[in-house]
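Read off the chains here:
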Amino acid sequence: AQSVTQPDIHITVSEGASLELRCNYSYGATPYLFWYVQSPGQGLQLLLKYFSGDTLVQGIKGFEAEFKRSQSSFNLRKPSVHWSDAAEYFCAVGAGTGGFKTIFGAGTRLFVKA
Amino acid sequence: DVKVTQSSRYLVKRTGEKVFLECVQDMDHENMFWYRQDPGLGLRLIYFSYDVKMKEKGDIPEGYSVSREKKERFSLILESASTNQTSMYLCASSFYSPNTPEQYFGPGTRLTVT
């Protein structure tokens, strides 16, 4: 069965430090992969997506993610974190034809300290 | 920009009441989804719809029903609200396409059942 694992429930980084959020997935075929961000009290916003091609994808707000098939991973990175990046981040895998179904990880909450 | 709106940001209902949550999208998306979000569990799919009057059960449909009479509107119905349905409810929409399966989310409705 398809699944998404985000091993870190929460992470704290200092402002200006680099960030990496981990994501592992289980899926039979080449997946569609996504990272979404949810600010407090808000819905989810798409940060970036991977379908095929270059395994390093760029997203909004300075985020990037790298697809590693051999490790079944799609980790999110940012070289320098800003206080406004404090939010919850969800990794997701798209399943089913027609975009029917997306499976979300449990989320990683990012805290940024001054 | 895609806009997904939900009828209420906060809702308080009593046990046994019938509850309607409404969602409207303005991007002519074929697919619409209802999720509930609980801490540590990520997003769980309740129901989705890929066309007017069509609906499919998600992972946790028990206690819920849905209605889609118009393409832009998708309603979630709690026939008899219970305290274990206290949660954040998120609506999303997407194109019916393997090329653009990313979902767009509304701001959420925080429902409290007392």
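Please refer to the structure placed before this passage.
Counting restarts for each chain, with residues numbered from 1 along the sequence as it is written. For naming, the first written chain is A and the first written ligand is 1, with later ones following in the order written. A pLDDT threshold of at least 70 governs which residues receive local features in this predicted model, and a stricter bar of 80 or more applies before side-chain atom pairs are shown or counted, although totals over entire chains, interfaces and linings include all residues. Note that water and hydrogens are dropped before the side-chain values are worked out from all heavy atoms of the structure.

Asks: What am I meant to see in the overall build of chain A here?
Replies: Helix and strand labels come from DSSP, where a helix needs a run of H or I of at least four residues and a strand needs a run of E of at least two; each type is numbered from the N terminus. Along its length, chain A carries zero helices and twelve strands. Two things to know: the radius of gyration comes from C-alpha atoms, and the globule rule equals 2.2 Å times the number of residues to the power 0.38. Radius of gyration (C-alpha) of chain A: 14 Å, near the 13 Å computed for a compact globule of 114 residues. Projected onto its principal axes, the C-alpha coordinates of chain A cover approximately 45 × 30 × 25 Å. Relative accessibility thresholds used throughout: buried, under 20% of the residue-type maximum; exposed, over 50%; partly exposed, between the two (1.4 Å probe, protein chains only). Per-residue burial for chain A yields a buried fraction of 45% across its 114 residues. By definition, residues are in contact when any of their heavy atoms lie within 4.5 Å. Partitioning the contacts of chain A with sequence separation of at least 6, the portion at a separation of at least 24 is 53%. A total of about 5,300 Å² of accessible surface is found on chain A, and carbon and sulfur atoms cover 50% of it. Neither His nor the chain termini are counted; the positive set is Lys and Arg, and the negative set is Asp and Glu. Where a charge lies is defined by one atom per residue type: Lys uses NZ, Arg uses CZ, Asp uses CG and Glu uses CD. Once the 10 positive and 8 negative side-chain charges of chain A are each reduced to a mean point, those two points are 5 Å apart. Residue-level accessible areas treat just the shown protein chains as cover; the underlying method is Shrake-Rupley with a 1.4 Å probe.

Asks: How should I be thinking about the sheet that holds strand 8 (residues 73-78) of chain B in this particular structure?
Replies: Picture the strands of a sheet paired through backbone hydrogen bonds; they go either parallel or antiparallel. Residues and elements named next belong to chain B. Here we have four strands laid out as an open sheet, ordered 1-3-8-7, and antiparallel in their pairing. Only two strands of the sheet have a single partner each, and these edge strands are strand 1 (4-6) and strand 7 (64-70). Sheet twist, expressed as the mean angle between neighbouring strand axes with direction ignored, is 20 degrees. Pairing geometry for strand 7 and strand 8, over five bridges, is antiparallel. Bridge pairing links Tyr64 to Leu78 in strand 8. At least two bridges found by DSSP between two strands is the condition for calling them paired. Every axis in this analysis is a line fitted to C-alpha atoms, fitted for helices over the stretch in contact. Angles between the N-to-C directions lie between 0 and 180 degrees.

Asks: I would appreciate a short explanation of the pairing of strand 10 (residues 87-95) of chain A in the present structure.
Replies: Looking along a regular strand, one sees side chains alternate from face to face of the sheet. Residue and element names in this part refer to chain A. With respect to burial, strand 10 is a largely interior element, nine of its nine residues being buried. Here strand 10 shows two buried faces, one formed by Ala87, Tyr89, Cys91, Val93 and Ala95 and the other by Glu88, Phe90, Ala92 and Gly94. Two strands pair when backbone bridges link them, and strand 5 (residues 32-38) and strand 10 are joined in this way by seven bridges, in the antiparallel orientation. Among the inter-strand pairings, Phe34 is bridged to a residue of strand 10, identified as Ala92. Across three bridges, the pairing between strand 10 and strand 12 (residues 108-113) is antiparallel. Considered in strand 12, the bridge of Tyr89 is made with Thr108. Judged from the four bridges that link them, strand 10 and strand 11 (residues 101-104) form a sheet pairing that is antiparallel. Note that in strand 11 the partner of Ala92 across the bridge is Phe104.

Asks: I would appreciate a short explanation of unusual backbone geometry in the present structure.
Replies: The general pattern is negative phi for most residues beyond glycine and trans for most peptide bonds. With phi around 50 degrees, Ser72 of chain A is a residue other than glycine that occupies positive phi space. Of note, the phi angle at Lys53 of chain B is positive, near 65 degrees, even though the residue is not glycine. Relative to the helices and strands, Lys53 of chain B resides in the loop between strand 5 (42-49) and strand 6 (56-57).

Asks: So what exactly am I meant to see when it comes to the state of the cysteines here?
Replies: What is meant by a disulfide is a covalent connection between two cysteines, made through their sulfur atoms. Two cysteine sulfur atoms form a disulfide, by the criterion used here, when they sit within 2.5 Å. Under the criterion given, the structure shown has two disulfides over all chains. The partner cysteine of Cys23 of chain A in its disulfide is Cys91 of chain A, sulfur to sulfur 1.9 Å. Across the disulfide from Cys23 of chain A to Cys91 of chain A, rotation about the S-S bond amounts to roughly -65 degrees, and the bridge is consequently left-handed. Taken together, the positions of Cys23 of chain A in the loop between strand 3 (19-21) and strand 4 (24-26) and Cys91 of chain A in strand 10 put the pair 68 residues apart, joining distant regions of the chain. With a relative accessible area of 0%, Cys23 of chain A lands in the buried category. By relative accessible area, which is 0% here, Cys91 of chain A ends up buried. The side chain of Cys23 of chain B participates in a disulfide bridge whose partner is Cys91 of chain B; the two sulfur atoms lie 1.8 Å from each other. Linking Cys23 of chain B and Cys91 of chain B, the disulfide has an S-S dihedral of approximately -75 degrees and is accordingly described as left-handed. Taken together, the positions of Cys23 of chain B in strand 3 (residues 19-25) and Cys91 of chain B in strand 9 (residues 87-94) put the pair 68 residues apart, joining distant regions of the chain. Since its relative accessible area comes to 0%, Cys23 of chain B is described here as buried. Look at Cys91 of chain B and you get buried, because its relative accessible area is 0%.

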